[in-house]
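Residue-level structural notes
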Amino acid sequence: MKTVLVVATLDTKGTEVAFCREQIEALGAKALLLDGGVLGEPTIKPDIAREEVAAAAGTTIERVRKIPVEGDAIGLQAQGAGVIALRLHKEGKIHGVLGIGGGMGTVLGTGAMRALPLGVPKFMVSSQAGNPAMSRLVGTKDICMFHSVADVVGLNRLTRIIFTRACGGVVGMASAEVTEEKNEKKIVALCAKGSTEDANRMIRQRLADAGYHPMTFHCFGFGPVSLEQVIADGYIDGGVIELSSDWLDRIAGGSSFPPDDRYENAGKHGLPQVFVPGTCDVIAGPPGKHTGRKTHLHNEAVTAYRSSYAELHQVGREIGEKLSKSKGPVTVVIPMQGFSAYDRVGGPMYDPEADAGFIDAMSAFPDNIKIVKVDAHILDKKFTDAVMDAFLENVAKA
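On a predicted model such as this, the values are computed, not experimentally measured, just so you know.

1. Topic: the overall build of the protein
Helix and strand counts for the protein come out as 14 helices and 14 strands. The dimensions of the protein, computed from C-alpha atoms along their principal axes, are 70 × 50 × 40 Å. For the protein, the proportion of contacts with a sequence separation of at least 24, taken over those separated by at least 6, is 72%. With an accessible surface of roughly 17300 Å², the protein has 52% of that area assigned to carbon and sulfur atoms. Charged side chains in the protein number 43 positive and 47 negative. The centres of these two groups are separated by 3 Å.

2. Details of helix H1 (residues 14-26)
For H1, with 13 residues, the first-to-last C-alpha span of 18 Å sits near the 18 Å given by 1.5 Å per residue. Every buried residue of H1 is accounted for by Gly14, Glu16, Val17, Ala18, Phe19, Cys20, Gln23 and Ile24. Looking at the buried side of H1, the elements it contacts are strand S1 (3-8), strand S2 (30-35), strand S3 (96-101) and helix H7 (157-175).

3. Observations regarding the sheet that holds strand S12 (residues 303-306)
Judged by pairing direction, the sheet is antiparallel, and its three strands sit side by side in the order S10-S12-S11 without closing on themselves. The open sheet is flanked by strand S10 (282-285) and strand S11 (295-297), the only strands paired with a single partner. Direction aside, the axes of adjacent strands within the sheet are offset by 25° on average. Pairing of S10 with S12, which is carried by four bridges, proceeds in the antiparallel orientation. Pairing of Ile283 across the sheet is with Tyr305, part of S12.

4. What about the pattern of salt bridges?
Within the structure shown, the criterion is met by 20 salt bridges. The salt bridge involving Arg250 is made with Asp260; its shortest N-O contact spans 2.8 Å. Of the two residues, Arg250 is situated in helix H10 (residues 246-252) and Asp260 in the loop between H10 and helix H11 (265-268); the sequence distance between them amounts to ten residues. Note on Arg250: relative accessible area 36%, which makes it partly exposed. Of the charged contacts, one joins Arg306 and Asp343 as a salt bridge, the two residues approaching to 3.7 Å between their closest N and O atoms.

5. A short note on the packing of aromatic side chains
As enumerated under the stated definition, the model contains eight aromatic pairs in all. Judged by centre distance (6.3 Å) and plane angle (65°), the ring pair of Trp247 and Tyr263 falls under edge-to-face. One end of the pair, Trp247, is in helix H10; the other, Tyr263, is in the loop between H10 and H11, and 16 residues separate them in sequence. This pair shows no difference in class: Trp247 is buried, exactly as Tyr263 is. Clustering of aromatic rings is evident, with ring pairs tying together Trp247, Tyr263, Phe275, Phe339 and Phe358. The ring of Tyr263 carries Arg262 above its face, with NZ or CZ at 4.1 Å from the centroid.

Rules used in this analysis
- Residues numbered from 1 in each chain as written.
- Predicted model: local features only at pLDDT ≥ 70, side-chain atom pairs only at ≥ 80, totals over all residues.
- Heavy atoms only, no water.
- Helix = DSSP H or I, 4+ residues; strand = E, 2+ residues; numbered from the N terminus.
- Contact = heavy atoms within 4.5 Å.
- Areas by Shrake-Rupley, 256 points an atom, 1.4 Å probe, with all protein chains shown as cover.
- Lys, Arg positive; Asp, Glu negative; His and termini not counted.
- Charge placed at Lys NZ, Arg CZ, Asp CG, Glu CD.
- Expected span 1.5 Å × (residues − 1).
- Buried < 20%, exposed > 50% of the residue type's maximum accessible area, 1.4 Å probe, protein only.
- Pairing = 2+ DSSP bridges.
- Axes fitted to C-alpha atoms, helices over the stretch in contact; angles between N-to-C directions.
- Salt bridge = Lys/Arg side-chain N within 4 Å of Asp/Glu carboxyl O.
- Phe/Tyr/Trp six-rings, centres within 6.5 Å; stacked < 30°, edge-to-face > 60°.
- Lys NZ or Arg CZ within 6 Å of the ring centre and 35° of its normal.

Structure, rendered in structure tokens:
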């Protein structure tokens with residue numbers, strides 16, 4: 001029998017949680033109730049009391065109640081819920097998590113979920129699921145945010161449907177058996193944007209031909225954060241090939257949000273790496289973000305803005321510093337005829353003088369990083385062959 005950990009504040013969501021327990025049990029699973037509430041008394045009996053949750057966070061419920069800012073108080077309870085959820089998962093006592101709540105309940109539920117590894121079913125029913133600010137609560141985890149539409153208060157024609165479907169979702173995911181492949185090929189991570197897709201496709205094919213499984217991450221928004229999390233979690237065992245510009249977006253105010261440890265986790269794991277300044281010719285941001293630059297309308301939400309020599313020099317210096325600390329072999333392969341589909345002779349972003357900023361800065365790290373300059377455009381087969389040659393060479397060294 002599968003067990004679902006149900007996380008909520010039982011002083012305000014007791015009726016709703018009791019209904020969810022009934023639905024989970026009707027589907028042949030067991031519900032384990034965790035109460036992360038702080039102030040009022042629980043209206044139904046939990047399996048894991050709020051006192052246990054506070055203790056798991058290294059404090060007491062009495063101390064939590066004295067915290068003047070409610071967000072800090074629920075944050076501690078979320079931390080404790082995460083500790084308990086991870087322990088129960090490691091002991092094989094839970095097979096999925098269901099959270100229900102409004103703003104505070106969502107902080108609590110997702111806090112428990114983020115502590116769990118990828119692949120463990122995580123289903124959050126929230127009245128705030130459509131709020132863009134909630135994306136930080138998902139982070140890099142595989143959390144399913146299910147919009148309750150109405151507030152998570154009471155049982156009515158709509159909320160009964162929502163809760164029932166949510167229970168079906170988490171029980172279904174927990175019941176789905178995942179078959180692990182034996183002798184699975186090593187995974188190589190790629191991170192790139194669509195403006196280098198022709199190169200990405202050729203590299204993916206070469207990797208497959210060489211016996212690897214490529215795993216691609218979108219080098220935009222929170223894609224780089226997810227990549228670093230997956231590397232840190234040990235899912236990437238073959239190496240990393242970057243055609244990435246998210247650090248440029250971070251420096252220049254674009255719409256990518258790489259973490260502070262970007263370009264560091266692969267090095268800590270000693271993985272073979274190749275870095276290419278893919279799409280570093282442009283900053284990807286919302287329309288109207290920058291003025292006085294060459295621009296190209298990518299779509300209605302994103303405009304490409306030409307990067308400068310100074311920005312690319314900073315990118316090269318800072319990424320070079322990170323890559324130079326790697327335990328494994330690293331090669332930077334530079335396409336001398338342009339960094340993206342936009343950056344070529346006759347293209348809207350062609351500016352070799354600006355591109356030289358990255359090249360000049362990266363050249364300061366010859367003792368730690370092998371640098372290969374290729375007289376080709378990034379989308380040319382000649383260039384992608386050079387990338388693969390460098391990668392396979394690093395594999396042999398690792």
